[in-house]
Amino acid sequence: MRAPLDSPAVTARALADGRPATGRSFRLHRPRSGVCGNGTCGQCGTDPATGDALCCTPAGAAPVRRRDPLRALGLPAERQLPWFWERRLLRPRALRGRYLRVLRGLSAAPGLPPAPAGGPPQRRVVEVETLHVGDPARADPGALVVDAAAGATAFGVYADRTVAVTASGELLEVRCERLVLATGAHLRLPPVVGNDLPGVLHLDALLRYSGQGADLGALRVAVIAPPERHAAVTAALGDRCRLVHVGARIPDRIDGRGRVRRIAVGAEAVACDAVALGLDQPAIELALLAGAHGVLGDGPLPVVVADAVPDWVELRGRAAARERLPGCTAQRDAFACPCEDVRLRDLEAAVASGLRDVELIKRRTGAMTGPCQGKVCQGAVLTALRDLGVEPRPMTPRPFARVTRLADLAVAHDA
Amino acid sequence: MTPRRIVIVGAGIAGLVAALEARAAGCDVIVLERGYPGGGNSGRNVGRIRRMQLTEELTRISIAASDYWLRIDRLLGGRNPLLHPTTYALVLYGDDEAERLGALEPMWRATGIDARLHDAATTLDRVPVLQGGERPVGSVLSSALLVHPDAAVHGAYLAARERGVDVRLGVEVLGFESAGGAVVAVETTAGRIAGDAFVNAADAHARGLAGTAGVVVPTHPMRREALVTHSIRPIMDQAVTFYRPFEGWFNQTLRGEIVAGVTDPDEPADYNHDSSLAFATRTAALLARKAPSLLGLHAVRQWAGTYEYTPDRSPIVGAYTGVEALYGLHGWSGRGMLLAPVSASLLVREILTGARDPLLAPFAPARFDGVADDAALHADYYGGYASTGAAS
Ligand SMILES: Cc1cc2nc3c(=O)[nH]c(=O)nc-3n(C[C@H](O)[C@H](O)[C@H](O)COP(=O)(O)OP(=O)(O)OC[C@H]3O[C@@H](n4cnc5c(N)ncnc54)[C@H](O)[C@@H]3O)c2cc1C
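Note that the structure is predicted; figures quoted are calculated from it, not measured.

Rules of the game
- Residues numbered from 1 in each chain as written.
- Chains lettered and ligands numbered in written order.
- Predicted model: local features only at pLDDT ≥ 70, side-chain atom pairs only at ≥ 80, totals over all residues.
- Heavy atoms only, no water.
- Domains from an automatic or database assignment.
- Contact = heavy atoms within 4.5 Å.
- Buried area = accessible area lost by both parts, 1.4 Å probe.
- Salt bridge = Lys/Arg side-chain N within 4 Å of Asp/Glu carboxyl O.
- Polar contact = N/O pair within 3.5 Å; in protein donor to acceptor, adjacent residues only side chain to side chain.
- Helix = DSSP H or I, 4+ residues; strand = E, 2+ residues; numbered from the N terminus.
- Nonpolar A, V, L, I, M, F, W, Y, C, P; charged D, E, K, R; others polar.
- Phe/Tyr/Trp six-rings, centres within 6.5 Å; stacked < 30°, edge-to-face > 60°.
- Buried < 20%, exposed > 50% of the residue type's maximum accessible area, 1.4 Å probe, protein only.
- Near = heavy atom within 4 Å.
- Areas by Shrake-Rupley, 256 points an atom, 1.4 Å probe, with all protein chains shown as cover.

Asks: Can you help me understand the domain arrangement of chain B in this one?
Replies: Buried accessible area, meaning the area lost when the parts come together, often serves as the stated size of an interface. Residue and element names in this part refer to chain B. Once the domains are mapped, chain B shows domain 1 (1–83 + 147–219 + 311–374) and domain 2 (84–145 + 220–309). One C-alpha centre belongs to domain 1, the other to domain 2; they are set 27 Å apart. With 37 residues of domain 1 at the contact, the number on the domain 2 side is 34 residues. Surface buried jointly by domain 1 and domain 2 totals about 2900 Å² across both partners, of which 59% is contributed by carbon and sulfur atoms. Considering only the surface of domain 1 that becomes buried against domain 2, Arg44, Arg48 and Met52 emerge as the three largest contributors, covering 24% of it. Connecting domain 1 to domain 2 are zero salt bridges. Applying the counting rule to domain 1 against domain 2 returns 17 residue pairs in polar contact (both at pLDDT 80 or more). At the level of secondary structure, the elements contributing two or more residues to the side of domain 1 that touches domain 2 comprise strand S3 (48–50), helix H2 (56–70) and helix H8 (206–211). With six residues, the single largest contributor to the side of domain 1 that touches domain 2 is H2. Residues that form the side of domain 1 that touches domain 2 fall into these classes: 14 nonpolar, twelve polar and eleven charged.

Written out as structure tokens, the structure is:
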């Protein structure tokens, strides 16, 4: 992640302008927008000049591609299973190589970002008592603070309590006695149809866009969040945008073409341009890398929580929260994993084909293997699998907890 | 007596293909897997299938192995493992390397493969991703294939189930039980399972399992790490490998990700699936040196697997000595995706007919009888061949 923005991000401006779609999905070429606002979800697309997420790129600094001529190919693919290629498209043996080349060329992937100028990062080994990652307001005095807003990112916890951090031209290997994680939360995607429409975003992202000074005054926003957050949301956003709905009930559907147009909550239909979801999946990746066990929690909308957290690691704030989220009826056509365009019905088909292990289903469908590495989708995928009778074992935690530019890792080695 | 009931340990690509072949030959087949299919190295690799090898024996079986992959979809019930063409580019940075490999050209010609030594200019022209990096002295380029490992393993697993192979997941084999000089059963976490023939396809764990039947195989596990970046449009069509200053490799997957890795010459022989920071920084640093245009890419995930090395870096396929009805199908030394399927097929034929295919002749377990169990030769790639006199 790059340094913080003091002006609206590409995605913030796009949302404010009523044309939130800045990216497209990998397989189906569906339009997508900035869901997380902090570079973790991979939905908004990347700046071709830097390879950075558009939600971390100031508006005006990167072009936004609005048209996707390949969406026409995504449409028929919507009816296929993720492994459609296995028996249909690719049968003519002699053409196989060329078919694949064509398929590969059709993907919505960005081009090769240019290699950044500048020398290799300096490697520095730091020994500290307490390392604090995340919200500096929650840090104990004396702790070394890794703050994303200051351009520092912790991307891994390795052996010997070593936390790897990239920060302005340096790669820090921090050996710590104690690791405090105030890393906040990701979106817990609710399994309703339309959950991937541009304009559906994490409440945190909307607050971030507002903080960047995006002019959201004309934006009609529906907020869905647990009741105890409603007052704070209204206070923070009431005069920044048009709050057309603040409720705890998850919409029965989110409608629109190319972007959100309205939500249906029971008998009520609310016209809106954005749906801000205050549904948090605690950001526990670093705790899992440090040795905690991920388990699927309970409640109507379960999230993955950290269990058996090692005694030298502490989760704080929303990363530690065990909020009870409102539930909804899972819909087969909703997306469970937007990175790889996997719907609940695809998971159902994988289970029906006889796969009973999360790891097998993950590899079969691609669920949880995209750029977000399960941060946004794991709760939705595991809940769906649990409901299908599969043991919801979370995936093996691996670095990188945040995507990390190779240039930022390429420290000078002796050999 | 022709064995009727075959028990296979391990549901990786080796065990699953052996199971499908034995089933096709009419046997009752049980596959025992302690985790899930592909949970071993068949789900941790990058699927390079190449004919070019440094010894004639390996080259010959690799040619057969590549041909086997080209028609494997039938065995997989018509499923396509996403096999697609690539160029295997062994990039050379030392004059000694060029000399050593130049001497192998006649062997490659004689075996009919298209591997050729090229000079620096041709290398940079044919492998443009190297432009801007350290200037190579040359390369050996040859046509090769990439397979999608998960597609292959899933295809094999689903086909095995369709054909009536009894694949039992979550069952760990604890050891072999012998009687009268022959293995008669396996002891497992789900009880004792008897059979007529037993195939040890447990990869890096094969050594320990063979030991329970009193068989000594001098293999060593070695961690191999890899990392993967986000997807980008196709930028390269080659699978690059180099061995100077130490081993490194990278290529682009069908999904557009770049997968890459380097080895640590000081990596201890051990089972270890942890991801290390040193690996991540070394890999990035080596790419900075060899293919600096890739440095703007973002790494998404890293992982680790194991190579099971044999002293001569060639597999162990066939009946173990000293005990009947127990067969080894392992020791891939980093090439199991390539070699396991054809080896499994030839081994099954051997188990059922008693006739050994000439392709397998160099890979009998018996060649290690009495060989010192020495883990010292892994660090240098070419040295591994030189020390056994296998490569010139
Ligand atoms: C990073 C990396 C890259 C690689 N790249 C390539 C490549 O490009 N090309 C190539 O050809 N090869 C490559 N390889 C090597 C290749 O992955 C392996 O050689 C191959 O997968 C071996 O297949 P297998 O079926 O023998 O073993 P595995 O897939 O490891 O299967 C063995 C199975 O046995 C099971 N098992 C073990 N012990 C027991 C027990 N006691 N009871 C029950 N089950 C047990 C395990 O759980 C496992 O599932 C690579 C390996 C790594 C790590």
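Asks: Sorry if this is basic, but what is going on with the packing of aromatic side chains here?
Replies: We describe a pair of aromatic rings using the distance from one ring centre to the other and the angle between the two ring planes. Residue and element names in this part refer to chain A. Per the counting criterion, the structure on display carries four aromatic pairs over all chains. Centre to centre, the rings of Phe155 and Phe400 are 5.6 Å apart; their planes meet at 40°, and the pair counts as tilted. Of this pair, Phe155 sits in strand S5 (residues 152–158) while Phe400 sits in the loop between helix H9 (378–387) and strand S22 (404–405); the two residues are 245 residues apart in sequence, bridging distant segments of the chain. Residue Phe155 is classed as buried on the basis of its relative accessible area of 0%. On the basis of relative accessible area, Phe400 is assigned to the buried category, the value being 2%.

Asks: Teacher, can you tell me more about the site of the ligand here?
Replies: Residues and elements named next belong to chain B. The environment of the ligand is formed by 35 residues, the closest being Glu33, Asn41, Ser42, Trp332 and Leu338. At 2.6 Å, a side-chain N or O of Glu33 approaches an oxygen atom of the ligand. A distance of 3.1 Å is found between a nitrogen atom of the ligand and a backbone nitrogen or oxygen belonging to Gly334. Its free accessible area being 1000 Å², the ligand has 96% of it covered by the protein chains. Looking at the shell around the ligand, the elements with two or more residues in it are helix H1 (13–24), strand S2 (28–33), strand S16 (298–309) and helix H10 (336–353). Considering only residue class, the shell around the ligand consists of 15 nonpolar, twelve polar and eight charged. Per-domain counts for the shell around the ligand show at least three residues from each of domain 1 (1–83 + 147–219 + 311–374) and domain 2 (84–145 + 220–309).

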